[in-house]
Each structure stands twice: as structure tokens, then as C-alpha cells.
Amino acid sequence: MPAIGQSMPRAASRRMVAGGGRYLDDHAARGEWHVAFLRSPFPHARFTLDTAPARALPGVEAVLLAADLAAVCRPWQTTSASFPGLVSPAQTPLADGRATWQGEPVAMILAASRAIAEDAAEAIAADWTELPAITSPEAALAPGAPLVHPGLADNRAWGQEWRRGEPEAAFAEAALVVEERLVFTRHTGVALEPRGAVAEWDGGTLMLRLSHQMPHQMRLHLAEQLDLAVNRVRVICGDVGGGFGLKMHVYQDEMAVAAACRLLSRPLRWVADRMESLMADIHAREHVVQARMAVDAQGMITAMEIDDLQGLGAVSIYPRSSTVEAMSLLRVVGAPYRFAHALGRTTCVLQNKVPTGQYRGVGAPIGCAVTERLVEKAARARGEDSWQFRTRNLLRADEMPRISAFGAALHGLHHHTAMDQAAALIDLPALRAEIAAGRAAGRVLGLGVAVTVEFTASGPAIYGPAGVGVAATDTVVVTLEPTGELSAQASISEIGQGITQGLAQVLADAVGVPASAVQVGAGDTASSPHGGGAWASRGAAIGGEAAWGAGRLLRTQLLEGAAALLQAAPDSLDIRDGAITDAAGVPRMTLAALARTMLFRGHEMPQGVTPGLSATYQYRREADPTLANNGVHAALVEIDPLTGLVRVLRYWMVGDCGRVLNPLLVDGQYRGGVATGIGEALLEACRYDQETGQFMSGTLADYLLPMAPDIPDITLGHVETPYPGSVLGAKGAGESGTCGAPAAVLNAVNDALAAASGGAVTEMPIHPMAVLRALGAMA
Amino acid sequence: MLPLEEPLAEIACMVNGRPISGRVVLRQSLVEWLRAELGLTGSHVGCAHGVCGACHLRLDGVVVRGCLVLAVQADGADVETIEAASGPEVTALREAFVEHGALQCGFCTPGMILQAAELLLGGGPLSREAIREQLSGNYCRCTGYQPIIDAVQAAGAALQAQAGGAGGE
Ligand code: FES
Ligand code: FES
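Please read all numbers here as calculations on a predicted model, not as lab measurements.

Draft legend 1. A look at the overall build of chain B. Secondary structure assignment for chain B yields five helices and five strands. Against the compact-globule benchmark of 15 Å for 169 residues, chain B has a radius of gyration of 17 Å, which places it among compact chains. Along the first, second and third principal axes, the C-alpha set of chain B runs to 60 × 40 × 20 Å. Considering chain B as a whole, with its 169 residues, one finds that 57% of them fall into the buried category. When contacts within chain B are restricted to residue pairs at least 6 apart in sequence, those whose partners lie at least 24 apart make up 54%. Counting every atom, chain B has about 6,800 Å² of accessible surface; 54% of that belongs to carbon and sulfur. Charged side chains of chain B number 10 positive and 18 negative; the gap between the two group centres comes to 6 Å.

Take a look at the structure:
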């Protein structure tokens, strides 16, 4: 039986349930000093620091400031040909005299323990001069607004206009125009394992342990900033306690640890505490969106227009740029639907807040929420069932490939198949009857639907032409061990999504061994080959192809060796279940015996036959810049009319991520992604005081995450449309749940409100007070 | 090395079935001491302020948040961590967690298993609501909780089947 397509738990999970996970903070370097940062308590301030009182504390080894690290670390600045004219000032590991966001590191203390280092941070005599701070994106654009960085003309970082067809005419001629202003509050990733760094310098090589999604990329940046040869930097990411996008950026604090280690030649350790994580990990998805949709008399969408204002934070995150989110948002607008006219305006502004960055789903959850809110409004205005409105307007599979009105490449999307499957899963007539009965009994119930298109597994065409040093090709090296088992190293990273298990299954089938006989490692630049790591849901679609290619190469080599030994033609032999067999499947020789002969008894190998026990394959997709996937989400919610609290009672999702390598893992990604999206819709917010700009979400008591009672059981369905351009046909799955859930929940809440009071909510997360206001229960 | 000024205390306790004595930093939490001094890194620190449940361990047989207990408070106590946690409940949970994909990154898992074991030890009915309630102080950012609920139910069923089987013999 092939291993591909089987539900198999990730091999490492056995170790983890026994307490044997090895995360960043589980490693120590002998003689290490502990690091704490003094971070700016103000969103914008000039400062001078007297570190003498801190240095005088027993146990404090050093206190470093911006100038100290400048001796070993160059500044970095985000630029990208994809965002011409981007305004984003250079960054240094520690702010120099002026902090531009609350939580920005300004001094670094090295001490015998973390507690002593924190005491010392407090002992630093800091003289702060508060400067006017900009936190709201709209205020950033106001005429005469204070500047986030002196010397800039205004707070605009980047903008673009997008136009296709004749949008003005389409709106003028429309039978119906619906519009909405939607506000999205920033939130953050909250991987349960915080970021951190453990650094060692041996005089020639910098070794840095990180909790990160892309060890090779970090190796490159560390080398560039610290002026080291890239092969004199080793980055090790062991078990990673969740990434979700927040662990794919260059952070000042991590760079500071590396620089200080290089400067002082001492092993250093820093692990963020939760408050540091909440205030200094990237935030994401702060947008104010004004959008409208034109519909003709037949109920066909003809045009969409969107005006998106994005708050970037104090800089555009390095190296990919925070503006990627706005671009991703724009591409997703209306993507499931058929219309020709589009107008988009994107404005990205700087603010005195921590930089935002790519987080699970990037801009897609917002693009989807905006689109699906307008779809609901249009259907409602027409007095029509929105399911029917969608079915009519969704692109049929035979209308692809095509480029959407907002410029997205669509191929192989089977929306109607997914809709049909979703309708069956949900049992729509029964559910509608149930909702009607519930409403008649006074319950405030609502059903919300969202159709998603998501662009996954970015190929070299995205960051390559942008001039951003991000690898979009990946490599797998596989070796036959003398035990007959396979060991492999992948440039794809394991961050809990289980991709090493998926690759093991691919290698198993490619070579002809059981999946249990394959071990896949990743994350250490000293042993794993160059490649991109974990981003854009690319593990199966790109890493899987690399694993297949490496496995097939190795298979050919092993068959060549065996054929020579057995005096048979290679194509008369096969590899099955760990043995060389004849064409009929009769075992001739185990792989263990073959490996031992090739390795230890080389004198027995025939003349000129040295096929090798290892194979390497680099996969580079030449066609299709991204692989589009699609899905249908539905949420049933109930509102408590007394408290305004929303409960998600049931949830359904149908996804099409192409070939499913391992259903257990894909289902895990779907469900986990939906949970994240429900959190985004109902709970999660990074809040700032409107007057002072103070960050108010610094603990997990203030930043609300979904807990077990908040997430219902999620019923899943699969449509499997393999991507025809690759061997395995997988597309991305890791972010799909998050792309659709906020939209489905928003629509469900508004469905409930429409029936109860005719009100609506337009801000996410959906606050109970806003719900009460929409119900007319509160002024 | 810590400076002379750092206040320390002598403690003696049982850790995972073995008597231990040592000096602890007065302000160090129990979970930090176990992790840093004893190398018991199975208990994790997700927040250090008593919300996430990643630091759960057993203190005198009761599951506590190891980040909210000081190491000195463990003087004379019996401490058990995920590395040594045993008993049929934990064994069944480990098996079921793997089987049902109840962990992805695994960072929440040790705390989750210890907390779920309390419920199984209580022997009450294992409705999905009851399990969700019992685990409401343990955050998981990866799984969406459903596979965890599945695993706890499955472990409960496996234990009942074992008990039923034993009773029948
Ligand atoms: S680390 Fe103790 S509850 Fe989070
Ligand atoms: S498995 Fe990652 S936090 Fe639960």
C-alpha cells in the first residue's frame, strides 16, 4: 500500500508526548550569560541612558547600547522591486537615541541570570523625552500629522493603484451597488513557544540557535549584517513550538544577541517572555477598508472597488516587507467570482507601533472577509439567498486558467464541486429549518458562508524579480543507511505542521520502503541543504517534489548497484518494502544487504559500478508563480442577547489542496487554521490607548486567545484536484483555515443580527459591545 | 555563576520518585528550577504568568502551574513532571494523543496530558463539553483542540475497556 495518502502521525510526536521535545530554551551553552533588553516604554521618545547603576549591580557582566553593537553589526533596510519607492528607514539591533515603537529594544544587559539582567534593565537611569506618537493609520495620513520618522515628507510608506477594465462605467451602469467600510484591528501570532536566541562564537564560526521558520535565510542575514562569510554562520532550529509566520522575520532582539556574542565572544541566551512576545513579535492585519461591488440586473457581479489603508508599524519588516500583506489582500479580492472591472487603491502608512509582518494567511483573510461581506449584502439587497448568488457568480472550472480582475492567476479551482460538497456536509435544508425553529423560539442564530481562494507555494517568480534574497526552491538529500533505512535532510522546516512526516511518506513510496523506515531531519544549516524553509504553505507542494525527485534518483542508483551484483538488468528489478525484488515481487536481496555491500565490501562490486548511497534533488517550479487553492467555509453562531457574546456552535470547511499526502496532517492544518481565524474574528486584538498610544495587550489575560470551549468541532470535507504541473500534485493547506474563518464568522454574526434587529457589525474582532449596539440593546 | 548577593535557600524534595536536595534561587519558579537545574525540560514556559498551562506539573499529586509556584515552595514536597508521569491514564493519553494527531508543535502537550489525566482519574463522564471545560486553562495554538478532545475521549474509552476486560476475568 502506498504511504502517500495515509494518515500517519508525525514520528516525533512519540518523543513529544513523553516530554522529549527539544525547543530553543531546552538548550544551554556552557558559561552562557543571560540577556534581557530594556525596551522603550513609550511609542515614540528620545532618550539618553546612564548605564552605570546597572553595571554596578552584582552579577551584571555588561550593558550594551546601539553604538557598541554598531561596531559589529551593519544596519539593514527593507527594499523590494515589488514595492518601488517604499519608505522604510534602516534598522539597527538597538535603537539609537530615539525609539519609534513601544517595546523597541534600546539597551541590552548581559548577566549571570535573567532575573539579574531584568533588575539591571530597571536600574538603567533613562531620560525619556516623549514625542508625539501616531498609532491609528487614519491619523497617520491627516494633514500636519506628527511624523513617525523625522525628515520624511509624510507617513506614507507605499501605495499603488490597480485598474482593470472600466470600473467607473461599470459602477455607473450597475443595477445595484453595495458598499461597506470594514475595520480590522491588528493581532499577533502567539506561537506558544516564544522567540529567542542562544548564540556561541568559537572564533571562526557563529552558531545561533533560533526558534525560526527559515534557518538558511537567517544564516544569510546574520552573515550580511555581521560581515561574516555565510558559511561561517550556522543556524540551528530544533523543535519549533509553532511559527505561523511570526518566526520568519529579522528581529532587532535576535540580531542583537548574535552581534553581542560576536563582539564579546561569550555564549549568550535570550528567550522572550510573553510580554516581550506580545509587544515585539510582528503584529498583523491592521486595515481600514472601504469597498463596493457592482451587480447587474441579472444578479451578476460586474465590478469591485477597494480602498485599503494598511498600518505597517514603524518600519516595513525585513526582508520581505510588511506591504506584502496589502498586496496579498488586493489579489484575493473577488478572486472566486467572475467580473471584469476592478479598481484598487492601497495606501500603507508608518505608525509608532511594532512592525507588522506576514502571518498565517497574510492578506487573504481580509480580502476574503471584504468580498464575502459584500456578497452577502448584495444577495440580501436582491432578496435572494446568498448561496444561490454565489453559485451563479462563482467561476466555473472551465473558465480557468485566467487572470482575475485584481491580477491573480487562477487555475484548477472547482468552486461548484466544493459548494455542492459543503451543502451536503452541512445538510443545508435541515440546518435552515433548525435556524428558523431556533429563531422562532427567541434564539439569535446566524449562518455565515465564505468562499476562499488562496495563493500558496510561491515559486521563484515572486521574490526573485523583487531582488529579495528568499529561496523558493527546495532540496532533499536522502541516504540509504546500512540498516536498510533511509535518512534524509530537507531544506523545508518543521514547525509542528508535520511536514517531515509527509516527506518521509513521499520518500518511502519513491524508493520502495515502509514510511516507518524513513527519518527526515531539517532545521540545521550544517546538515540540511539550502532552501526556503516554512512559508507560504509550501512544504508539500515544493518540499514534496524535492523528496520525490531525491527518492527516485536514489532508487535508480540502488537498482544499478543491485543489478550489477545480481547480474540482472536494472529494469528487471524493483524495490518493494525495503528489498530488491524481481519484476514479480520476489525478494532477491534486502536494501540493508545492498547498502552493506556497497559500503563495507566495495571489493565485491563489479568494475566501474559506484552508484552511491545518497541522492540530492533540487526542485524548482518553472510554471505558475503560485498555486491557487480553494475552499468553502460555513459557521453557525449564536449571540447571547444579554451579553453580546458570540459562540460558534458548528463549523464546516471543504478544502481543495490538491493531492493530500497525509489526511491526518492536512486535517490538523485545516482545523488549526480555522481556530486561528475564529480567534481573529471574535477575540484577538492588539489594542493601544487612543490618547497615549500605550500598548494594552501585554499579557495573555489582556490578549484573548481561543480556548477549548471557544472552538466547536469542525466538520471537514475534501475535494482533491491535483496540480497538474507537478508529480505529486499537492498545493498548500496550512493557511486555508485562517483565510476563510474570519469571513464566515463575520457573515454568520451579521446574518443573526439581520434577523434579530436589522443591525450589523463591521469591525474585527467582533466586540460584544458592538454586537449589543447592533442589536439596539446599547446606545 | 551567581553573585554572592543572590539569596538562596536549601530545599529537599522528591522529584520524579528520587530524593533531591539543592540550593535554589529564592525568586526562581519551580518550573524554571526543574528545567534549568535538573534538566527536566518537558514542562514548558508559555507565559510565566499563569494563563497558558504549558508549565503544568504535579505537586503532591495535584496538577499545578509550575510558573506560579516558587522552587522553595517545593521543599518537602513530591514533584512529578511529564518525563516521569506514569499510571494507566497518562499511558493511555500518550498513545491517544499520537494516534489522533492531538499535537502539532507539541509545546502545549505535556501540560495538556497532565491536565487531561486529572479528568480521567476523576472517573466522571467524558462528554466533549466536560473535556473542553477541563482543558480550558490549557492553550493550544496549533490544533484547534478538536483532536485533543478526540484523544481524551479515546483514552477514556480505552481505559474503560481495560477495566471492563480485567473485571471480566
Ligand atoms: S507558563 Fe505557567 S501558565 Fe503559562
Ligand atoms: S500543539 Fe502547538 S500549541 Fe498545542
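Draft legend 2. Focus on the interface of chain B and chain A. Taken together, the contact pairs 47 residues of chain B with 54 residues of chain A. For the chain B and chain A pair, buried surface summed over both sides reaches about 4,000 Å², with 57% attributable to carbon and sulfur atoms. The tally of links from chain B across to chain A stands at seven salt bridges. The closest approach of N and O atoms between A:R14 and B:E95, which form a salt bridge, is 3.7 Å. Where chain B meets chain A, there are 25 residue pairs in polar contact (both at pLDDT 80 or more). Secondary-structure elements contributing two or more residues to the side of chain B that touches chain A are α2 (88–99), α3 (109–122) and α4 (128–134) of chain B. Per-class residue counts for the side of chain B that touches chain A are 21 nonpolar, 14 polar and twelve charged.

Draft legend 3. Representation of the packing of α2(B) against α3(B) in the model. Residue and element names in this part refer to chain B. Viewed as axis vectors pointing N to C, α2 and α3 meet at an angle of 125°, and their least axial separation amounts to 9 Å. Comparing the axis directions of α2 and α3 gives the class oblique. Taken as a pair, α2 and α3 cross one another with a handedness that is right-handed. Note on element contacts: α3 touches α2 through T109, M112, I113, A116, A117, L120 and L121, opposite E89, V90, L93, R94 and F97.

Draft legend 4. Inspection of the environment of A:M778 at higher detail. All names here are of chain A. Positionally, M778 belongs in the segment after α21 (768–775). Residue classification places M778 among the partly exposed residues on the basis of a relative accessible area of 28%. Sequence spacing of M778 and D307 is 471 residues, and the spatial spacing of their C-alpha atoms is 30 Å.

Draft legend 5. Broad picture of empty space enclosed by the protein. Enumeration according to the criterion identifies eight cavities of 30 Å³ or more in this entry. What the largest cavity holds in volume is close to 110 Å³. Considering the residues around the largest cavity, the lining is formed by A:P9, A:R10, A:S13, A:G496, A:Q497, A:G498, A:L664, A:L665, A:G668, B:G101, B:L103 and B:Q104. It is helix α19 (residues 663–682) of chain A that provides the largest number of residues to the lining of the largest cavity, a total of three residues. Classifying every residue of the lining of the largest cavity gives four nonpolar, seven polar and one charged. Taken as a whole, the second largest cavity spans an internal volume of roughly 90 Å³. Here the lining of the second largest cavity is built from residues that sort into nine nonpolar, two polar and one charged.

Draft legend 6. Fine view of helix α18 (residues 591–600) of chain A. If you check which residues of α18(A) are buried, you get A:L591, A:A592, A:L594, A:A595, A:T597 and A:M598. Contacts from the buried residues of α18(A) go to β21 (474–480), α17 (539–566), β24 (573–576), β25 (579–582) and β26 (587–590) of chain A.

Conventions we followed
Residues numbered from 1 in each chain as written. Chains lettered and ligands numbered in written order. Predicted model: local features only at pLDDT ≥ 70, side-chain atom pairs only at ≥ 80, totals over all residues. Heavy atoms only, no water. Helix = DSSP H or I, 4+ residues; strand = E, 2+ residues; numbered from the N terminus. Rg over C-alpha atoms; globule rule 2.2 N^0.38 Å. Buried < 20%, exposed > 50% of the residue type's maximum accessible area, 1.4 Å probe, protein only. Contact = heavy atoms within 4.5 Å. Areas by Shrake-Rupley, 256 points an atom, 1.4 Å probe, with all protein chains shown as cover. Lys, Arg positive; Asp, Glu negative; His and termini not counted. Charge placed at Lys NZ, Arg CZ, Asp CG, Glu CD. Buried area = accessible area lost by both parts, 1.4 Å probe. Salt bridge = Lys/Arg side-chain N within 4 Å of Asp/Glu carboxyl O. Polar contact = N/O pair within 3.5 Å; in protein donor to acceptor, adjacent residues only side chain to side chain. Nonpolar A, V, L, I, M, F, W, Y, C, P; charged D, E, K, R; others polar. Axes fitted to C-alpha atoms, helices over the stretch in contact; angles between N-to-C directions. Parallel < 35°, antiparallel > 145°, perpendicular 65-115°, else oblique. Left-handed = near helix turned anticlockwise from the far one by under 90°. 1 Å grid on protein atoms, 1.4 Å probe; cavity = no way out; pocket = protein on both sides within 12 Å on 5 of 7 lines; lining within 4 Å. Points joined across faces, edges and corners; volume = space filled by probe spheres on them.

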